[in-house]
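Letter by letter, the chains look like this.
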Amino acid sequence: EECANLGMIVDLSHVGHQTARDVLDFKDQEQLDLPVIASHGGVYELFDGTNPNSNNNLRNLPLEVLQRIAEAKGLVGIYALTF
């Protein structure tokens, strides 16, 4: 709530999957005018570690979370980093 009051942007790039969902749920529940972004990351379903050629990177967010950010008129930055 205080982030919304101060006009801050909340970046979900380094939070866990459930924390990202919780933030988005709280924003919706409280009807907060709070910009939410994921400044950098990837799609978890594409790079979740089940493919032997991909890194298991829990910083990648599930597609449904990325879609919710976009639907809230947030920003999602997809990086082009390879390992």
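This section reports on the structure supplied with the text. (Residues numbered from 1 in each chain as written. Predicted model: local features only at pLDDT ≥ 70, side-chain atom pairs only at ≥ 80, totals over all residues. Heavy atoms only, no water.)

## Quick word on the pattern of salt bridges
Piece 1. Considering all chains together, one arrives at three salt bridges under this definition.
Piece 2. Residues Glu-64 and Arg-21 are paired through a salt bridge, measuring 2.4 Å at the closest nitrogen-oxygen approach. Of the two residues, Glu-64 sits in helix H3 (residues 63-71) while Arg-21 sits in helix H2 (residues 17-29), which places them 43 residues apart along the sequence.
Piece 3. On the accessibility criterion, Glu-64 (31% relative accessible area) is partly exposed. (Salt bridge = Lys/Arg side-chain N within 4 Å of Asp/Glu carboxyl O. Helix = DSSP H or I, 4+ residues; strand = E, 2+ residues; numbered from the N terminus. Buried < 20%, exposed > 50% of the residue type's maximum accessible area, 1.4 Å probe, protein only.)

## Quick look at the pairing of strand E2 (residues 36-41)
Piece 1. Two strands pair when backbone bridges link them, and strand E1 (residues 10-11) and E2 are joined in this way by two bridges, in the parallel orientation. What sits directly across from Val-10, in E2, is Val-36.
Piece 2. Handedness of the E1-H2-E2 crossover: right-handed.
Piece 3. Pairing between E2 and strand E3 (residues 75-78): three bridges, direction parallel. By the bridge assignment for E3, Ile-37 is matched with Leu-75. (Pairing = 2+ DSSP bridges. Right-handed = clockwise from strand over helix to strand, strands pointing away.)

## So, the nonpolar core
Piece 1. Ranked by size, the top nonpolar core spans 14 residues in total, and within it Leu-12, Leu-24, Leu-34, Val-36, Leu-61, Val-65 and Ile-69 carry the most contacts.
Piece 2. Those elements that place two or more of their residues in this core are H2, E2 and H3.
Piece 3. With three residues, the single largest contributor to this core is H3.
Piece 4. Those residues in contact with Leu-34 that sit more than four places away from it in its chain are Cys-3, Ala-4, Met-8, Val-10 and Lys-27. (Core = buried A, V, L, I, M, F, W, Y, C linked by side-chain atoms within 4.5 Å. Contact = heavy atoms within 4.5 Å.)

## Observations concerning H3
Residues that lie three or four places apart on an α-helix share one face, since the helix turns once every 3.6 residues.
Piece 1. All buried positions along H3 are accounted for by Val-65, Leu-66 and Ile-69. The arc that holds every buried residue of H3, seen down its axis, measures 100 degrees, which confines them to one face.
Piece 2. Contacts made by the buried residues of H3 are with H2, E2 and E3.
Piece 3. Just downstream of H3 lies Lys-73, where phi reads positive at about 65 degrees. (Arc of directions from axis to C-beta.)

## Concerning the side chain of Asn-60
Piece 1. Within the element layout of this structure, Asn-60 appears in the loop between E2 and H3.
Piece 2. Looking at Asn-60, its side chain comes within polar contact range of the main-chain nitrogen of Gly-42, at 2.9 Å.
Piece 3. Once you skip the residues sitting within four places of it in the chain, Asn-60 turns out to touch His-17, Gly-41, Gly-42, Val-43, Tyr-44, Phe-47 and Tyr-79. (Polar contact = N/O pair within 3.5 Å; in protein donor to acceptor, adjacent residues only side chain to side chain.)

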